Every structure is written in structure tokens, then in C-alpha cells.
2 protein chains.
Amino acid sequence: MRLLTLARDLKRRKARERQGLFVAEGLRTVEALLDSPLRLRGVLTSDVLDRTPRGADLLSRLNAAGVEHLRVSDAEFESAADTEQPQGVLAIAEQPDRALADLMLAPAARLLVLDGIQDPGNVGTLLRSAAALGATAAVVLPGTVDPWNAKVVRSAVGHQFRHPPVLATIEELRAFLDAQGMALWGAAADGVMLGRQAVPPRLAIAVGNEGNGLSPEVRTACTAMVAIPMADDAESLNVAVAAGILLHVLRPDA
Amino acid sequence: MRLLTLARDLKRRKARERQGLFVAEGLRTVEALLDSPLRLRGVLTSDVLDRTPRGADLLSRLNAAGVEHLRVSDAEFESAADTEQPQGVLAIAEQPDRALADLMLAPAARLLVLDGIQDPGNVGTLLRSAAALGATAAVVLPGTVDPWNAKVVRSAVGHQFRHPPVLATIEELRAFLDAQGMALWGAAADGVMLGRQAVPPRLAIAVGNEGNGLSPEVRTACTAMVAIPMADDAESLNVAVAAGILLHVLRPDA
């Protein structure tokens with residue numbers, strides 16, 4: 001399939017899943033992709049890219065790496081791009097295959113579990129936080145936005161290329177946690193205040209939907225619920241901020 | 001000025017500043033606005049709003065509160081709306097006036113300082129975190145996106161209506177901090193690891209631009225720099241996640 005048609009097709013989740021491919025847009029994201037172990041299938045560029053030294057430099061690197069390259073018009077580029085003000089570079093790459101069974105857990109380890117997160121920006125920021133704050137992986141449960149959605153990829157600014165998310169069902173996750181002796185804690189406003197618990201060496205932390213919180217299935221699977229102390233009149237924290245606080249405070253070497 | 005023309009005009013920062021008004025879009029945000037002390041100037045709705053019980057309920061509340069109301073066509077609504085899939089309700093309200101001199105600091109208090117934050121979603125999430133994690137206020141320095149931008153308002157999901165941000169210059173902030181005996185710490189990857197410092201009772205925490213970090217002026221004004229421990233191969237945390245961790249760990253009653 002021609003690169004332009006392919007890039008347009010990959011806007012749909014079904015097409016991404018069927019082909020095992022995803023699209024990365026923008027200078028910073030494509031630079032990170034090129035620095036990662038992931039395999040690139042091709043790159044679309046427009047004249048916008050050549051207008052900055054950084055863009056021209058990236059183009060040289062892509063050419064040197066032998067990546068298939070198609071120059072398209074601004075209008076064609078915009079038809080494939082997800083961003084409103086494209087930087088003139090868009091890469092198509094292979095989704096890495098990473099399953100629960102691939103995870104090598106240290107004696108003290110953390111997982112971040114995403115349960116029904118709907119906002120792509122939040123999912124990207126969660127993947128970035130999981131990688132930056134030392135979780136072995138982020139586990140994405142059904143009902144969460146596709147982690148290979150272009151907006152997610154942009155928000156994760158490259159972190160998910162080196163720390164690919166793991167897609168799993170709640171049953172698969174439960175079986176894995178049992179086999180690995182790993183506890184599952186859920187973030188919830190009605191939980192025990194953070195800091196008042198003994199923290200198990202192996203711990204998965206689940207965060208839930210922006211409006212509704214954790215699903216009943218995940219709540220049932222949790223061995224404890226934990227809350228972040230907040231001001232009296234506060235409604236809630238952004239889910240990515242909450243996860244960041246939990247991953248930091250509950251880190252293995254804290 | 002007619003409400004529709006006004007709403008369209010308020011998409012521009014200059015118009016918002018000149019008129020001292022802002023636009024709040026969507027069910028959840030307008031509900032929060034109606035529950036807040038802020039004054040509404042008027043509301044635009046489209047037929048989309050009446051299609052859900054929650055929307056119809058909000059319309060009754062707006063009418064009961066005597067808010068000026070204009071029903072417009074879907075096309076007119078979209079010309080004023082910032083969202084791609086509007087929920088059919090958009091309110092125009094007065095920006096609250098809150099200056100540094102208005103802040104009543106407790107003996108132990110926190111401020112969050114926004115220095116050159118460019119992404120409206122990040123600014124909104126920072127305002128939400130400052131309110132939820134007990135900061136007395138968020139202080140917005142020049143170079144940061146307008147905190148009354150429609151995207152910021154949406155991301156803050158109502159928190160900024162009860163905890164209005166304070167706009168100030170770095171000189172005004174320095175004078176205020178000196179007068180109040182408040183320290184200023186900056187978030188930076190080259191700072192001292194979080195948890196290794198004695199925390200002053202009154203502390204302002206500054207976070208900087210998504211790409212470049214703190215400005216030289218703010219770095220100079222800081223009495224200490226603080227870093228969040230991260231995985232070896234991690235590049236950085238999202239600025240709103242970093243601020244959330246700092247506000248939580250450095251809270252007065254920690």
C-alpha cells in the first residue's frame with residue numbers, strides 16, 4: 001500500500017490493530033522513534049520540514065537509515081496528519097509486541113494499570129510517567145484508548161517506544177499477579193490515605209476512568225484501595241497527576 | 001454586544017483581557033461555574049443541549065438563575081465554540097480579580113508558580129492540582145498561556161473558579177515572597193533530589209516551560225532547585241505530573 005494511503009488508514013484503531021502499525025508525528029516524536037529499537041516502515045514529509053535546521057537534520061538521519069521516504073504536498077500531509085499545525089514529518093512504524101509473559105520483574109517492582117482511561121493525552125502522560133518513574137511496564141486494560149493512537153504517541157513523547165505498553169485483559173492480569181506474588185492497589189477517593197500502608201515489594205497500581213474511576217471488575221481484583229490527601233473543597237486530581245504521585249510515593253526504594 | 005459576537009470575540013486573548021471576561025464550555029464546566037461565586041454574563045445554547053436530561057436540567061438552572069440566554073443554530077454555536085464535539089452549552093463569565101496582595105497566607109503555606117507553560121491542557125491541570133493539593137494559589141508569570149483560555153478552563157474542570165489564578169510579574173512575585181518570608185524553589189533535573197531538604201514553612205514551587213524548563217529570571221530568584229528521582233533512561237516527566245508530585249511531597253503537613 002502506498003505510504004500516504006497507509007498513513008490515512010492508520011487513523012482508525014482497527015487498521016492499526018490489523019496491520020500492527022502506528023503513526024508518529026512531529027519532530028520530537030520521530031527523533032525519539034529513530035533513537036528507539038522500533039522498526040520504521042516509512043516516513044511522509046512535506047516542505048514544512050526543510051524550513052528548520054532541526055527538520056533538515058532529521059531528514060538526513062532518516063535517509064541515512066534507509067527509511068522509505070515520500071514527499072507529499074501540504075494538503076496531502078494534512079490529510080494524513082492528526083495535528084492541527086503539522087511540523088511536516090510523520091513516520092509509520094511497527095507496534096512492538098510485548099505481553100505480560102515478557103515482563104522480567106525484579107524482587108521489588110511496580111506496574112501501572114490503566115483501567116478505562118478515555119483521554120489520549122492522559123494515556124500518553126501515564127505511559128510517560130510509568131517509564132520515567134521506574135515502573136516495569138504500563139498494562140492497558142480493555143476500555144482504555146488505544147495506546148498507539150497518534151495523540152497518545154505524541155503525549156508520551158517517545159517514552160513508550162523504549163517501554164512499550166502491555167495490552168491485557170483483567171483475567172490475564174489477575175493470573176499474572178497471582179503467579180508473580182504481586183499485589184494490586186487501586187486509586188480511589190474512598191481508599192486509605194497514602195502513606196499509612198506497608199508497601200509490598202511487588203505492587204501494581206491501578207487508575208481508572210476520568211469520570212467514573214475504577215471499573216467494578218478491577219475494584220474486585222484490588223487487595224487495597226489508596227487515596228491521595230486533598231484539600232477539603234477539591235473535587236479530584238487529573239488521573240495522570242494522581243498516578244504520578246502514587247508511583248513516586250510507592251516506589252520500591254522510597 | 002450580542003452574546004454570539006461576544007463569544008466569538010473572546011476566543012482572542014486580547015479581547016478577554018480588555019473585557020475581563022472568559023468563556024466556559026461544556027456541561028461539567030458550566031455546572032461548576034454556576035456553583036461558583038463567579039458572575040455569569042450570559043449563556044449560548046444549541047439544540048444539542050436539550051437531548052440529555054443533564055443538559056435540560058442545566059438549562060433550567062441557568063434560567064432559574066436569571067442568566068441571559070440565547071439559543072443559536074448548531075453552525076452558529078460551532079463558530080463560537082472551541083471544542084470539536086460541542087455539548088451545546090457555552091457560558092460567558094467575568095474573570096475574578098485576584099492579586100498577590102489579596103492572598104492570605106497561613107503560617108505554613110504553598111504557592112505554585114507557572115513560568116512559561118505553553119500547553120493549555122498543562123496549565124489547566126496545574127491550576128486543578130494547585131487547588132486540589134492545597135496551594136493557597138497558583139501564580140501565573142508572563143510567558144505562560146492565558147489561564148482564561150477556553151482549553152485551560154476545560155482542563156481545570158472548575159477548580160479555577162473557586163481558586164482563581166493570580167497574574168503577576170517576576171518582580172512583583174519576588175517582592176511578595178520577600179515581604180511574606182516565603183522561599184522559592186524551582187523544579188529542575190539538576191536540582192537536589194526531592195526528600196533531602198528541610199522544607200520551609202512557607203514555600204513557593206516554580207515549574208517551567210515544557211521544553212526549556214525555568215526561565216533564567218526565575219532560576220535566579222530561586223533559593224533552591226529540586227529534582228524528582230527518575231529511572232536512568234527517562235527523559236523527563238510531564239510538567240503537571242512533576243508539579244503534582246512536588247505539591248504532594250512538600251505539603252505543609254507531610
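Residues numbered from 1 in each chain as written. Chains lettered and ligands numbered in written order. Predicted model: local features only at pLDDT ≥ 70, side-chain atom pairs only at ≥ 80, totals over all residues. Heavy atoms only, no water.

Chain A carries the name RNA methyltransferase in an unreviewed UniProt entry, which gives Pseudogemmatithrix spongiicola as its organism. Its UniProt record gives chain A the following Sequence similarities (unreviewed entry) comment, quoted word for word: "Belongs to the class IV-like SAM-binding methyltransferase superfamily. RNA methyltransferase TrmH family." (UniProt positions renumbered as here; feature names shortened; annotations may be inferred.)

Visitor: Help me out: how do you make sense of the overall build of chain A in this one?
Guide: Each helix and strand counted, chain A has eleven helices and ten strands in total. Whereas a compact globule of 254 residues would reach a radius of gyration of roughly 18 Å, chain A reaches 20 Å, a difference of no more than 12%. For chain A, the spread of C-alpha atoms along the three principal axes comes to 55 × 40 × 30 Å. Counting only residues that meet the buried cut, chain A has 56% of its 254 residues in that class. About 11,000 Å² of surface is accessible on chain A, with carbon and sulfur atoms providing 49% of the total. Side-chain charges in chain A split into 26 positive and 30 negative, and the spacing between the mean points of these groups amounts to 3 Å. (Helix = DSSP H or I, 4+ residues; strand = E, 2+ residues; numbered from the N terminus. Rg over C-alpha atoms; globule rule 2.2 N^0.38 Å. Buried < 20%, exposed > 50% of the residue type's maximum accessible area, 1.4 Å probe, protein only. Areas by Shrake-Rupley, 256 points an atom, 1.4 Å probe, with all protein chains shown as cover. Lys, Arg positive; Asp, Glu negative; His and termini not counted. Charge placed at Lys NZ, Arg CZ, Asp CG, Glu CD.)

Visitor: Explain unusual backbone geometry to me, please; I cannot follow it from the model alone.
Guide: A negative phi angle is the norm for most residues apart from glycine, just as the trans form is the norm for most peptide bonds. Within the chain, Val157(A) stands out as a residue other than glycine whose phi angle is a positive 30 degrees. The topology assignment puts Val157(A) in the loop between helix H7 (150-155) and helix H8 (159-162).

Visitor: When you look at helix H3 (residues 27-34) of chain A in this model, what are you seeing that I'm missing?
Guide: For the α-helix, the turn length of 3.6 residues means that residues three or four positions removed from each other point alike. Residue and element names in this part refer to chain A. Here H3 lies mainly inside the structure; seven of its eight residues are buried. Looking only at H3, the buried set comprises Leu27, Thr29, Val30, Glu31, Ala32, Leu33 and Leu34. Summarising the contacts, the buried residues of H3 are in contact with strand E1 (21-25), strand E2 (40-45), helix H4 (53-64), strand E4 (89-94), H7 and H8. (Contact = heavy atoms within 4.5 Å.)

Visitor: In this structure, what is going on with the UniProt feature "domain: RNA 2-O ribose methyltransferase substrate binding" (unreviewed entry) in chain A? I would like to understand it.
Guide: Feature annotation in UniProt assigns "domain: RNA 2-O ribose methyltransferase substrate binding" (unreviewed entry) to the following positions: residues 23-99 of chain A. In residues 23-99 of chain A, the share of helix is 35% and the share of strand is 23%. The end C-alpha atoms are 21 Å apart.

Visitor: Would you mind going over the pattern of salt bridges with me for this structure?
Guide: When charged atoms on two side chains of opposite charge get close, those side chains can pair. All names here are of chain A. Throughout the structure, instances matching the rule amount to 28 salt bridges over all chains. Among the ionic pairs, Arg41 bridges to Glu94, the shortest N-O distance being 3.2 Å. With Arg41 in strand E2 and Glu94 in strand E4, the pair connects residues that are 53 residues apart, well separated along the chain. Under the relative-accessibility criterion, Arg41 is labelled partly exposed at 40%. Salt bridges linked by common partners bring Asp9, Arg12 and Arg18 together as one network. (Salt bridge = Lys/Arg side-chain N within 4 Å of Asp/Glu carboxyl O.)

Visitor: Can you help me understand the domain arrangement of chain A in this one?
Guide: When the parts of a complex come together, some accessible area is lost, and that lost area is often used as the size of the interface. All names here are of chain A. Per the domain assignment, the segments of chain A are domain 1 (3-94) and domain 2 (100-249). One C-alpha centre belongs to domain 1, the other to domain 2; they are set 29 Å apart. Across the contact, 16 residues belong to domain 1 and 14 residues belong to domain 2. Buried area between domain 1 and domain 2, both sides added, is near 1,300 Å², and the carbon and sulfur share of it is 58%. The tally of links between domain 1 and domain 2 comes to three salt bridges. Measuring nitrogen to oxygen at the nearest pair gives 3.6 Å for the salt bridge that ties Lys151 to Asp82. Our count for the contact surface shared by domain 1 and domain 2 stands at four residue pairs in polar contact (both at pLDDT 80 or more). (Domains from an automatic or database assignment. Buried area = accessible area lost by both parts, 1.4 Å probe. Polar contact = N/O pair within 3.5 Å; in protein donor to acceptor, adjacent residues only side chain to side chain.)

Visitor: Explain the sheet that holds strand E10 (residues 224-227) of chain A to me, please; I cannot follow it from the model alone.
Guide: Strands pair in a sheet through their backbones, by hydrogen bonds, and they do so in one of two ways: parallel or antiparallel. Residues and elements named next belong to chain A. Strand order in the open sheet formed by six strands is E7-E6-E5-E9-E8-E10, and the pairing between neighbours is parallel. At either end of the open sheet lies a strand with only one pairing partner, and these are strand E7 (166-167) and E10. Pairing between strand E8 (residues 183-193) and E10: five bridges, direction parallel. The residue of E10 that forms the bridge with Met193 is Ala227. The sheet contacts of helix H9 (residues 170-180) involve strand E5 (109-115), strand E6 (137-140), E8 and strand E9 (202-208), and relative to E5 the element is tilted by about 165 degrees. (Pairing = 2+ DSSP bridges. Axes fitted to C-alpha atoms, helices over the stretch in contact; angles between N-to-C directions.)

Visitor: What should I look at first to understand the relation of the copies chain B and chain A in this one?
Guide: The pair of chain copies shares a relation made of a rotation about an axis and a shift along it. Of the transformation placing chain B onto chain A, the axial shift is 0.0 Å and the rotation is 180 degrees, giving an RMSD of 0.0 Å. The operation mapping one copy onto its partner corresponds to a two-fold rotation axis. Counting the interface residues of chain B, we find that 100% of their copies in chain A are interface residues as well, pointing to one common contact surface. (Least-squares fit on C-alpha atoms with pLDDT ≥ 70 in both.)

Visitor: What is the right way to read the nonpolar core from this model?
Guide: Side chains of nonpolar character tend, in soluble globular proteins, to be buried together. By size, the foremost hydrophobic cluster in this structure holds 68 residues, and its most contacted members are Leu114(A), Leu126(A), Leu114(B) and Leu126(B). Once you skip the residues sitting within four places of it in the chain, Leu114(B) turns out to touch Val123(B), Leu126(B), Leu127(B), Ala138(B), Val139(B), Val140(B), Leu141(B), Thr144(B) and Val207(B). (Core = buried A, V, L, I, M, F, W, Y, C linked by side-chain atoms within 4.5 Å.)

Visitor: Explanation requested: the interface of chain B and chain A in the structure shown.
Guide: Contacts between the two partners involve 30 residues from chain B and, on the opposite side, 30 residues from chain A. Buried surface at the junction of chain B and chain A, summed over both partners, amounts to about 2,300 Å²; 55% is from carbon and sulfur atoms. On the surface where chain B and chain A come into contact, there are eight residue pairs in polar contact (both at pLDDT 80 or more). Secondary structure elements with two or more residues in the side of chain B that touches chain A: helix H6 (120-132) and helix H11 (239-249) of chain B. Looking at the side of chain B that touches chain A, its residues break down into 15 nonpolar, nine polar and six charged. (Nonpolar A, V, L, I, M, F, W, Y, C, P; charged D, E, K, R; others polar.)

Visitor: Just to check I follow, could you spell out the sheet that holds E2(A) for this structure?
Guide: Residues and elements named next belong to chain A. Reading across the sheet, the four strands line up as E1-E4-E2-E3 and stay open at both edges, with mixed pairing between neighbours. Among the strands making up the open sheet, the edge pair consists of E1 and strand E3 (69-71). If you compare each strand with its neighbour and ignore which way they point, the axes differ by 20 degrees on average. Examined bridge by bridge, E2 and E3 share three bridges and lie parallel to one another. The residue bridging Leu44 from the neighbouring strand is Leu70, located in E3.

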